[in-house]
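What the coordinates show
One letter stands for each residue in the lines below.
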Amino acid sequence: MSKLTFDCFTKKIFIKAPIEKLYWSWGTAEGISSWFLSNATYTSASGEERKPNENTQAGDSYLWKWHNWDGQEAGNVLKANGKDFLEISFADSKVSVELEDHKKAILVTLKQHEIPTDDESKLNIHHGCSNGWTFWLANLKAYLEHGILLNEIEFDLRNIPLSGFEFVNM
């Protein structure tokens, strides 16, 4: 058994959808905005904005915006093979997504690693992102298998103190 530490975590979920649809869900602005973000922009290393349904590539930069949060995340695509693996810089760490075909479903494995281990990062990145990814992976499954979204877009939660820590569907 692997040892649990504050510098990384892994989340896994089986999703019954074609691997190509899952890759689209992670690797294109259109896909990732369909279940996770309010807006995503990918820009190539040469400075050209990628089309919404165009796969991102290693060397691209991204700008992500969420529902119910005024902040944004900017980072870089570190690896993207166009079929079953992506890795990005994210929240002072790295996130990788691996897709593995198991005939009846695709195993989605998300790893967030190289997380700083100061107290603030333990709370905000390890604890916050670990909880967040658990919800977002369940949201992706609900979306791809049942056509429903579980995240809150009807109510504005931005002015509620601690909403990001208390609401499970933000």
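To start, this report covers the structure provided alongside it. (Residues numbered from 1 in each chain as written. Predicted model: local features only at pLDDT ≥ 70, side-chain atom pairs only at ≥ 80, totals over all residues. Heavy atoms only, no water.)

A short note on unusual backbone geometry
- We note that N68 has phi near 65°; this positive angle belongs to a residue other than glycine.
- Relative to the elements of secondary structure, N68 occurs in the loop between β3 (61–65) and β4 (72–80).
- Positive phi is not limited to glycine here, since E114 has a value of about 60°. (Helix = DSSP H or I, 4+ residues; strand = E, 2+ residues; numbered from the N terminus.)

Observations concerning the nonpolar core
- Counting residues in hydrophobic clusters, the biggest one holds 37 residues, and the most contacted among them are W26, W64, F90 and W133.
- With eight residues, the single largest contributor to this core is helix α3 (residues 119–146).
- Apart from the residues within four sequence positions on either side, W133 is in contact with F9, K11, W26, F36, F90, V95, L110 and Q112. (Core = buried A, V, L, I, M, F, W, Y, C linked by side-chain atoms within 4.5 Å. Buried < 20%, exposed > 50% of the residue type's maximum accessible area, 1.4 Å probe, protein only. Contact = heavy atoms within 4.5 Å.)

Re the sheet that holds strand β6 (residues 93–101)
- What the seven strands build is an open sheet, ordered β1-β7-β6-β5-β4-β3-β2; its pairing is antiparallel. Both edges of this open sheet fall to β1 (8–15) and β2 (39–43), since each of them pairs with a single strand only. Shown here is a sheet whose adjacent strand axes are inclined to one another by a mean of 20°, direction ignored.
- Pairing of β4 with strand β5 (residues 85–90) involves three bridges; the strand directions are antiparallel. Pairing of V77 across the sheet is with I88, part of β5.
- On top of the sheet, helix α1 (residues 19–27) reaches β1, β2, β4, β5, β6 and β7 (106–113); it is set at about 25° to β7, its chief contact.
- Along the sheet, α3 contacts β1, β5, β6 and β7; its crossing angle with β1, the most-contacted strand, is approximately 10°. (Pairing = 2+ DSSP bridges. Axes fitted to C-alpha atoms, helices over the stretch in contact; angles between N-to-C directions.)

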